[in-house]
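As a plain string of letters, each chain reads:
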Amino acid sequence: MKKALLFSIAVILTLTARAQMLNVLTKDGVTYKFPAAQTGDMLFCADDTLNIMNKKLAASDIASMTVDDSEMADNSISVAYDGAQAKITVAGNIAQYVTPKVNGAHVNIAQGSDLEQEITYTLSGASDDGEFYMSGSYKATVELNGLTLTNTTPVTSGAAVHIQNGKRINIKVGTGTVNTLVDAAAGSQKGCLYVKGHAEFKQKGTLNITGNVKHGIKTGEYISVKNATINVLSAVGDGISCGQYFLMESGEVNISNSGDDGIQCEIDESKTLATDDEHSDEDTGSFYLEGGKINITCGAIAGKGLKGDGKLVANGTPTINITTTGNGEWDTEDLETSSASCISMGDSIVVDGGTFTLTSTGSGGAGMKCDSVFVMTGGDITVKTTGGLYYNNGTTENLNYSGDTDRIDSKYYSSPKGIKAGTKTAVGNSYSYAGGVVIEGGKINISTAGCNAEGLESKNTLVINGGEITVKAYDDAVNAAQDLTVNGGRVFAYSLNNDGLDSNGNTYVNGGLVYAISKSSPEVALDANTEEGKALYVRGGTIIAIGGLERGASLSQSCWQASSFTKGAWYGLYNNGTLEVAFQVPSGNSQMGTPMVLSTSGTPTLFTVSNISGTEIFAGQAYVDATATKSTTGVTLSTYNSNSQGGPGGSGGRW
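Residues numbered from 1 in each chain as written. Predicted model: local features only at pLDDT ≥ 70, side-chain atom pairs only at ≥ 80, totals over all residues. Heavy atoms only, no water.

(A) Broad picture of the overall build of the protein chain. Across its full length, the protein chain holds one helix and 66 strands. A compact globule built from 655 residues would reach a C-alpha radius of gyration of about 26 Å, whereas the protein chain, at 33 Å, exceeds it by more than 25%. Judged by the C-alpha coordinates and their principal axes, the protein chain covers about 115 × 55 × 35 Å. Counting over 655 residues, the protein chain shows a buried share of 55%. (Helix = DSSP H or I, 4+ residues; strand = E, 2+ residues; numbered from the N terminus. Rg over C-alpha atoms; globule rule 2.2 N^0.38 Å. Buried < 20%, exposed > 50% of the residue type's maximum accessible area, 1.4 Å probe, protein only.)

(B) View of the sheet that holds strand β40 (residues 389-392). Overall, antiparallel pairing links the three strands, which are arranged β41-β40-β42 in an open sheet. The open sheet has two edge strands, β41 (397-401) and β42 (413-414), and neither has a second partner. Across three bridges, the pairing between β40 and β41 is antiparallel. Considered in β41, the bridge of L389 is made with Y401. (Pairing = 2+ DSSP bridges.)

(C) Representation of the environment of V79 in the model. Note on placement: V79 falls in strand β7 (residues 76-82). The exposure class of V79 is buried, given its relative accessible area of 1%. On a C-alpha basis, the gap between V79 and G125 in space is 8.3 Å, while along the polypeptide they are 46 residues apart. When sequence neighbours within four positions are dropped, the list of residues in contact with V79 reads A86, K87, I88, V107, I109, T122, L123, S124 and F132. (Contact = heavy atoms within 4.5 Å.)

(D) Highlighting the pattern of salt bridges. Applying the stated rule across the entire model yields six salt bridges. R407 is the partner of D404 in a salt bridge, and the nearest nitrogen-oxygen pair spans 3.5 Å. Since its relative accessible area comes to 44%, D404 is described here as partly exposed. Accessibility expressed as a relative area gives 77% for R407, which makes it exposed. Within the structure, one salt-bridge network assembled from shared partners comprises K417, E454, E457 and K459. (Salt bridge = Lys/Arg side-chain N within 4 Å of Asp/Glu carboxyl O.)

(E) Looking closely at unusual backbone geometry. Backbone geometry places N452, a non-glycine residue, at a positive phi of 70°. Inspection of the secondary structure puts N452 in the loop between β47 (443-447) and β48 (454-458). A relative accessible area of 15% means that N452 is categorised as buried. One non-glycine residue with positive phi stands out, namely N611, at about 55°. Turning to its location among the elements, N611 is positioned in strand β64 (residues 604-618).

(F) Local environment of the confidence of the model for the protein chain. With 90% of its residues at a pLDDT of 70 or more, the protein chain shows a mean pLDDT of 89. pLDDT under 50 marks residues 1-7. Its contacts with residues more than four places away, or in other chains, come to nine contacts. Low pLDDT, under 50, characterises residues 13-17; the stretch is placed with two contacts to residues that sit more than four places away or in other chains. (pLDDT = per-residue confidence, 0-100.)

(G) How the structure looks around the pairing of strand β23 (residues 240-243). The two faces of β23 match: I240 and C242 on one face and S241 and G243 on the other face are all buried. Here four bridges tie β23 to strand β26 (residues 263-266), and the two strands are oriented parallel to one another. Paired with S241 across the two strands is Q264, which belongs to β26.

(H) Fine view of the pairing of strand β10 (residues 105-111). Among the seven residues of β10, six are classified as buried, and the element is accordingly described as predominantly covered. One ladder, built from six bridges, connects strand β9 (residues 98-103) with β10; its direction is antiparallel. Among the inter-strand pairings, N103 is bridged to a residue of β10, identified as H106. When β10 meets strand β12 (residues 130-136), the two strands line up parallel, connected through six bridges. When the sheet's bridge partners are listed, N108 is paired in β12 with Y133.

(I) Spatial organisation of the packing of aromatic side chains. Summed over the entire model, instances satisfying the criterion amount to 14 aromatic pairs. Both rings, one in Y391 and one in Y401, keep their centres 5.0 Å apart while their planes meet at 20°; by these two values the pair is stacked. Residue Y391 is found in strand β40, and its partner Y401 is found in strand β41; the two are separated by 10 residues along the sequence. Classification of Y391 by relative accessible area gives buried; the value is 14%. The class for Y401 is buried, based on a relative accessible area of 18%. Between Y515 and F583 the ring centres are 5.3 Å apart and the planes differ by 65°, which places this aromatic pair in the edge-to-face class. Residue Y515 is located in strand β56 (residues 513-517), and its partner F583 is located in strand β62 (residues 578-584); the two are separated by 68 residues in the primary sequence. In this pair, the class of Y515 matches that of F583, namely buried. (Phe/Tyr/Trp six-rings, centres within 6.5 Å; stacked < 30°, edge-to-face > 60°.)

(J) Spotlight on the nonpolar core. Formed by 127 residues in total, the largest nonpolar core has its most connected members in F132, F201, F356, F374 and L526. Here this core gets five residues from one element, more than from any other, and that element is strand β13 (residues 140-150). Those residues in contact with F356 that sit more than four places away from it in its chain are L289, L312, A314, I320, I343, V351, M368, D380, I381 and T382. (Core = buried A, V, L, I, M, F, W, Y, C linked by side-chain atoms within 4.5 Å.)

(K) A look at the environment of D129. Inspection of the secondary structure assignment puts D129 in the loop between β11 (119-127) and β12. Measuring from C-alpha to C-alpha, the distance between D129 and P100 comes to 18 Å, with 29 residues separating the pair along the chain. In terms of polar contacts, D129 uses its side chain to reach the side chain of H106, at 3.1 Å. Among the polar contacts listed, one links the side chain of D129 to the backbone nitrogen of T152, at a separation of 3.2 Å. (Polar contact = N/O pair within 3.5 Å; in protein donor to acceptor, adjacent residues only side chain to side chain.)

(L) Examining the environment of G634 more closely. Looking at where G634 falls in the secondary structure, it is placed in strand β65 (residues 622-635). The spatial distance from the C-alpha of G634 to the C-alpha of F607 is 4.2 Å, given a sequence separation of 27 residues. Those residues in contact with G634, other than ones at most four positions away along the chain, are L606 and F607.

(M) Structural context of the state of the cysteines. One pass over the structure, following the stated rule, counts zero disulfides. The cysteine C370 is free of any disulfide, with C342 supplying the nearest cysteine sulfur at 14 Å. (Disulfide = S-S within 2.5 Å.)

Right, here's the structure in full:
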């Protein structure tokens, strides 16, 4: 054997002038490609090993040595799967730093601790029983180039692709390629595609994932997506689970059939949650949505579409479509109910751009909730919940509870919600409040159903300075546990069974346009906690209140009351002769209270109108920025005195 190798080397040395590559094939199917011009002296050691460019190969392991004019980029390794086998090709300049092993189509490559250059691993071909496992301590790139890989009988890991490397891993989903990964059902892996470090998905290819044991994609650190399309077709656990943060720059992520959450971002309990909005401080537990699309359908019991320990920050042009269908459940660890939510954050939600379409159909389901502040300055959010109130005391479950919850401990039920922010915590005989809602701009459209289903809810203060907010809710349309303030914007708040705008503190209307509709007495269109010495203050803006104002409201400007109206009719409110808003009086709820109250800073007149056109803020209910043709019939307005109502909550009259 030694003679044959010496002869081969002698021949090779005479050919280097016209040959480019020395190919050394080992018996286990690994080919090392050494540039002939760089090989220098190739020496046999006393232990019968051949040393080529500092890579020692046992003579007994070498199957062949050939010379050709092929090329291979430095710092690269290719793995080509072909049924029950895989072929590995290693660039000669890094051969000394890696130890590849092949068992059929199960590939294991270990990077040496002395490696100080990034390797690109290109994976291609197909196998219905193979895997790719790489370990090391230096950053790397893994390029998926038309790979179809199913791990059936695990050798090193049950994952289809397992990167046991705590550094940055570029995962290039080759442009124009379709790649499919399926992990082993018999394994104990954390994900079909697992990266111990942080994964950056890039290029314009498609990656399909099936997670048969736990998560579809799992990383120990952050994930970023740029250009790639990732489809998690199913997962026993989360579709995607990561640490530190999740960044969506562009591309598309589609998740369906997850047994737990769609995408979860959590921080290890041993780490301190950072608060950096620019994600330069990695341990934020946050979602940063800057572009691209995320489409999630989550049917898990109490499952969340996006769930994070930190913030959700949306700007740019992301498109987020999430549907949850799971009902609530009794949490045996926390001893309270838990329910599904399209978005659930442990800190705040900040929306400055993007389009959100959130639908929750399960019992107790919510659109969007956070434990701190919900802030919106731009973008478009649509939320629809259709599930009932979820009740469970640990022994009895009711998916559509309709009884009085005032005397039930809140841990036993989960109410459907459109958007909820903040926390209200019992402290002795009182409460502490945190977080809240601040809306500066953008559009919000909320529809809720089910007992206790409020639309826009703050567990602390709620401030509206701008934007267009449309809520149609079973319970309070807009609710604040503390003060509620409207300084600007347009608010359409329609409650089918309670107040339009309601606060447990003071309610202030200082500007903007408010069209509020309530059920009959004792509910009102605009409410405040007068039982605790609070009040409704009207200091500016325009109010259309069907169901009246809280008795004893403080009016610092002239207000008027409509003498008559017709259900289903369209009216135009003119201020000093200029059309301010066109709106329709509801016709579908016979329990609506009276009167209709108008509050403007000018001299208002009210006409029935026709030829309506403009920007719809709720189907069949109201228009803003409208144009309309005056009808011949005007509605007489008389001076309104808030103390003239028959009692708290208005007169209780019916249409």
